[in-house]
Amino acid sequence: MPEQLPLHEAAAKAGATFTEDAGFLVPAHFGDSDTEMAQARSGAVLFDLSHRGKLEVAGNDAVKFLHNLSSNDVKGLAPDTGCEAFFCTATAKVIAHALLYRCPPEGKREKLALDVAPGLSAKVMKHLDRHLISEDVEFADRTRDLVQFHLAGPAAPALLGRLFGSEVALSPLQQQHASLGGADWVVRRHDPLGLPGFDVLGPLDRAEELWLRLREEARPAGRQAYEVLRIEAGTPLYGADVDETTFAPEVARTRQAISYGKGCYLGQEPIVMARDRGQVNRALLGLKLPDGPVPAGALLFRDGKEVGRVTSSVLSPRLGAIALAYVRRGSQAAGTVLEVETAGQRKTAVVAALPF
């Protein structure tokens, strides 16, 4: 049985239809996903992402420990700032794709908050624990302790400012602390949908109160709208577009998630070798699909030769059928015409740069 989110009943009362995602029952839509997407672009929408993995890594050695295990510069983070990073194997295959936020220290004790894809927290905890030797570091899975909303759209900053009584002026992956009715909340700037976006995290016992306050100005939205907006923005999702067979530089997040100046970390050598060669064999790109969406895993061909595979595909009201796909070197230029094979037939697919 899939696990319900803390606000399942509140979402049901608001008209949600539910679907399963990584073992959780989440809103698929609130009646009309197309209207939800339109509202996201013109005003603000509210997603319940409480099933995303939320981990805490704390201790005197927490910063050094994560710096040595991840692909980005954790030591360089100021308090209340974050970075995107990969956790990799020694061959730079991706164990997890994460957001890491450095919290204000308590004396010498550091704490970092990790945000990972739904269903991934146990795997990340196991990976971290495997590499813990004698460092002063402790791990905690806070996934079920905190609610996590995502507010997206051009009206989102002003809405949060009115709600919390102070301006929310954050750069991407910065966070600030806010209070509402005596409860403490963390607000983080994060734009995975190509729109101004804010993750709001806080206590479960005050979650419905905040949900109702946000809903006064933001339309609730579900997973269907989120997926279309995510793919339009070219944002990869672990488990769909990235897994342990993926070489980190293939994910097209090098600028955001990989630091070449930070020193040694697990998986660094093959990543640097790929940079020095100036190329990787395949890369995550967009596809336009004139004949409609195709299943994940559908193979791509050019001149009869296999050149890639689809990872995610949706029907966008704005752009038509689109997909994310890994495409081999030599077929990656925008506008390149490929064929996608589905149900024993091959149909046209056109390579597009990301974001769409």
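Bear in mind that the values here come from a model prediction, so they are computed numbers and not experimental data. (Residues numbered from 1 in each chain as written. Predicted model: local features only at pLDDT ≥ 70, side-chain atom pairs only at ≥ 80, totals over all residues. Heavy atoms only, no water.)

K.L.:
How do you make sense of the overall build of the protein chain when you look at a structure like this?
P.N.:
Of regular secondary structure, the protein chain possesses nine helices and 20 strands. Its C-alpha radius of gyration of 20 Å places the protein chain within 12% of the 21 Å reference for a compact globule of 356 residues. Along the first, second and third principal axes, the C-alpha set of the protein chain runs to 65 × 50 × 40 Å. Burial analysis of the protein chain (356 residues in total) assigns 54% to the buried set. Approximately 15,100 Å² of the protein chain is accessible, and the part contributed by carbon and sulfur atoms is 48%. Taken together, the 40 basic and 44 acidic charged side chains of the protein chain have centroids lying 5 Å from each other. (Helix = DSSP H or I, 4+ residues; strand = E, 2+ residues; numbered from the N terminus. Rg over C-alpha atoms; globule rule 2.2 N^0.38 Å. Buried < 20%, exposed > 50% of the residue type's maximum accessible area, 1.4 Å probe, protein only. Areas by Shrake-Rupley, 256 points an atom, 1.4 Å probe, with all protein chains shown as cover. Lys, Arg positive; Asp, Glu negative; His and termini not counted. Charge placed at Lys NZ, Arg CZ, Asp CG, Glu CD.)

K.L.:
Even after reading the chapter, I still don't get unusual backbone geometry, so can you show me in this structure?
P.N.:
The phi torsion of most residues other than glycine is negative, and most of the peptide bonds are trans. Between Leu354 and the following residue, Pro355, the backbone shows a cis peptide bond with an omega angle of -5°. Among the secondary structure elements, Pro355 is positioned in the segment after strand 20 (345-352). A positive phi angle, near 65°, is found at Ala252, a position not held by glycine. Its location among the elements puts Ala252 in the loop between helix 7 (223-233) and helix 8 (254-257). A positive phi angle, near 55°, is found at Ala343, a position not held by glycine. Here Ala343 is to be found in the loop between strand 19 (337-342) and strand 20.

K.L.:
What is the right way to look at the pairing of strand 3 (residues 24-29) in this model?
P.N.:
Looking along a regular strand, one sees the side chains alternate between the two faces of the sheet. For strand 3, the tally of buried residues reaches five of six residues, placing the bulk of the element in the interior. Taken together, the five bridges between strand 2 (residues 17-21) and strand 3 define a ladder with antiparallel strand orientation. Within strand 3, the position partnered with Glu20 by the bridge is Leu25. Two successive antiparallel strands, strand 2 and strand 3, enclose a turn made up of two residues, where Ala22 displays a positive phi of approximately 55°. (Pairing = 2+ DSSP bridges.)

These values are about where atoms sit, not about what they do.
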